[in-house]
Amino acid sequence: MRIAARRRPIRAALFVSLITALSLMATTGIALADASGQPKGITDEAHSMHDLYLLVLALAVVVFVAVEAALVFALFRYRKRDDTLPPQTHGNNLLEVIWTTIPIVIVLVLFVFSFITLVDVEHDKDDANLTVEVQGFQYQWQFTYNMNDLGRRPEGAAALPEGQVVVIGKAGQEPELVIPVGEPVEFALKSNDVIHSFYVRDFLYKLDVIPGRDNRFTVTANETGTFRGQCAELCGLDHALMRFTLKVVERNEFDEYLRQVAAGANASAQRP
């Protein structure tokens, strides 16, 4: 009886220590996630994916600490002290229910939150303010803006030229993709040769560009700046050269950019 009474405070201390360690590790895991090098993203959709990443990381840290704590506890608590054969236990219904229920709960939690994030990111958005056609080819990119499909523009804004504005990457000259901040932009992806992959690191998202398939996705950038994009699918000898620059600007700067590109294209067309 005395031995059992002495063990109770020890078990309680171990339990409290384990709970404290789990809480600290979960908090530390989230802090490490922000410092792990993964950007939070510059779009509303990227923020949802980043939150899902933090949840998965926190659960992984909790599971790791719990398993390691149980392992260390068992090693010290039930270590061999003499040659006496310890009591043999053939099954424990409560333990079996616990270690079956916990993984099921974790998987269900991950499934629900992953599904919610997937629906938020992947579902068709009818409120896209403009569409940019992205065409991948060996080994560069072409961005086409339909001037008749630029969506809602500020009242009193100067008219834009009609037709299309095309930006084509060339050898040694990476193309520039410019979009307005705070507006839903749809990217329509096409390829005329092999499979490419449209990837912008700060979108936390990539989508394959497949010949004969019309792949689309919509994002709303909420931060201005210059970011890097590239092909993320091995597409041939010069795959590494398929890079581009993404610029997120205010709407008036975006309109001015389109005017300049259109004026440059018209001047080149008029040269003898």
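A brief report on the enclosed structure follows. On a predicted model such as this, the values are computed, not experimentally measured, just so you know. (Residues numbered from 1 in each chain as written. Predicted model: local features only at pLDDT ≥ 70, side-chain atom pairs only at ≥ 80, totals over all residues. Heavy atoms only, no water.)

Concerning unusual backbone geometry
Note: most residues except glycine have negative phi, and most peptide bonds are trans.
Item 1. Following Q138, the chain continues into Y139 via a peptide bond in cis, with omega recorded as 0°.
Item 2. With respect to the helices, strands and loops of the structure, Y139 is situated in the loop between strand 1 (130-137) and strand 2 (140-146). (Helix = DSSP H or I, 4+ residues; strand = E, 2+ residues; numbered from the N terminus.)

So, the nonpolar core
Item 1. Membership of the largest hydrophobic core comes to 43 residues, with the highest contact counts inside it found for F143, Y145, L177, F187 and F198.
Item 2. Sequence-distant contacts of F187, that is, excluding residues within four places in its chain, are made with V132, V134, L177, I179, F198, F203, N215, R216, F217 and V219. (Core = buried A, V, L, I, M, F, W, Y, C linked by side-chain atoms within 4.5 Å. Buried < 20%, exposed > 50% of the residue type's maximum accessible area, 1.4 Å probe, protein only. Contact = heavy atoms within 4.5 Å.)

Some thoughts on the pairing of strand 2
Item 1. Counting buried residues in strand 2 gives 6 out of 7 residues, a clear majority hidden from the surface.
Item 2. As judged from the 6 bridges shared by strand 1 and strand 2, these two strands associate in the antiparallel manner. Opposite E133, over in strand 2, you have T144 as the bridge partner.
Item 3. The turn joining strand 1 and strand 2, which pair antiparallel and follow one another in sequence, is formed by 2 residues.
Item 4. Relative to strand 3 (residues 164-168), strand 2 runs antiparallel, the two sharing 5 bridges. By the bridge assignment for strand 3, T144 is matched with V166. (Pairing = 2+ DSSP bridges.)

Notes on the pattern of salt bridges
Item 1. Inspection of every chain in the model, using the stated rule, returns 8 salt bridges.
Item 2. For the salt bridge of R243 with E174, the shortest nitrogen-to-oxygen distance reads 2.9 Å. Of this pair, R243 sits in strand 10 (residues 243-249) while E174 sits in the loop between strand 3 and strand 4 (176-180), placing them 69 residues apart in sequence.
Item 3. For R251, the salt bridge is made with E183, and the minimal N-O distance between the two is 2.6 Å. Within this pair, whereas R251 is found in helix 4 (residues 251-270), its partner E183 is found in the loop between strand 4 and strand 5 (184-191), the two being separated by 68 residues in sequence.
Item 4. One salt-bridge network, held together by shared partners, links E174, R228 and R243. (Salt bridge = Lys/Arg side-chain N within 4 Å of Asp/Glu carboxyl O.)

What about a nonpolar patch on the surface?
Item 1. A grouping of F111, V112, F113, F115, I116 and V119 is seen on the molecular surface, where their side chains present a nonpolar patch of about 580 Å² in accessible area.
Item 2. If you trace the backbone, V119 turns up in helix 3 (residues 93-122).
Item 3. Accessibility expressed as a relative area gives 38% for V119, which makes it partly exposed. (Patch = residues over 30% accessible without salt bridge, like charges linked within 9 Å, V, L, I, M, F, W, Y side chains within 5 Å. Areas by Shrake-Rupley, 256 points an atom, 1.4 Å probe, with all protein chains shown as cover.)

Focus on the packing of helix 2 (residues 44-77) against helix 3
Item 1. Relative orientation of the contacting elements helix 2 and helix 3 amounts to 170°, with a least axis distance of 9 Å. Between helix 2 and helix 3, the crossing angle belongs to the class labelled roughly antiparallel. From helix 2, E45, S48, M49, L52, L55, V56, L59 and V63 reach across to helix 3, where they touch I106, V109, L110, F113, S114, T117, D120 and V121. (Axes fitted to C-alpha atoms, helices over the stretch in contact; angles between N-to-C directions. Parallel < 35°, antiparallel > 145°, perpendicular 65-115°, else oblique.)

Description of the packing of aromatic side chains
Item 1. Overall, the coordinates contain 13 aromatic pairs when judged by the stated rule.
Item 2. For the pair F187 and F198, a centre-to-centre distance of 5.5 Å together with 35° between the ring planes defines the contact as tilted. On the criterion of sequence distance, the pair formed by F187 in strand 5 and F198 in strand 6 (residues 196-200) is long-range, its members being 11 residues apart. The same class applies to F187 as to F198, namely buried.
Item 3. Summarising the aromatic geometry, the rings of F198 and F217 are spaced 6.0 Å apart at their centres and angled 45° between planes, so their arrangement reads as tilted. Taken together, the positions of F198 in strand 6 and F217 in strand 8 (residues 215-220) put the pair 19 residues apart, joining distant regions of the chain. (Phe/Tyr/Trp six-rings, centres within 6.5 Å; stacked < 30°, edge-to-face > 60°.)

Examining the sheet that holds strand 1
Item 1. Within the open sheet, the 5 strands sit side by side as 3-2-1-5-8. Their pairing is mixed. Two strands lie at the open edges of the sheet, namely strand 3 and strand 8, each paired on one side alone. With direction set aside, neighbouring strand axes in the sheet form an average angle of 20°.
Item 2. For strand 5 and strand 8, the ladder comprises 6 bridges, and the chain directions are antiparallel.

Some words on the side chain of D202
Item 1. Within the fold, D202 resides in the loop between strand 6 and strand 7 (205-209).
Item 2. R201 provides the closest opposite charge to the buried, unpaired D202, separated from it by 4.0 Å.
Item 3. The residues contacting D202, other than those within four sequence positions of it, are P39, G41, I42, A46 and F227. (Lys, Arg positive; Asp, Glu negative; His and termini not counted.)

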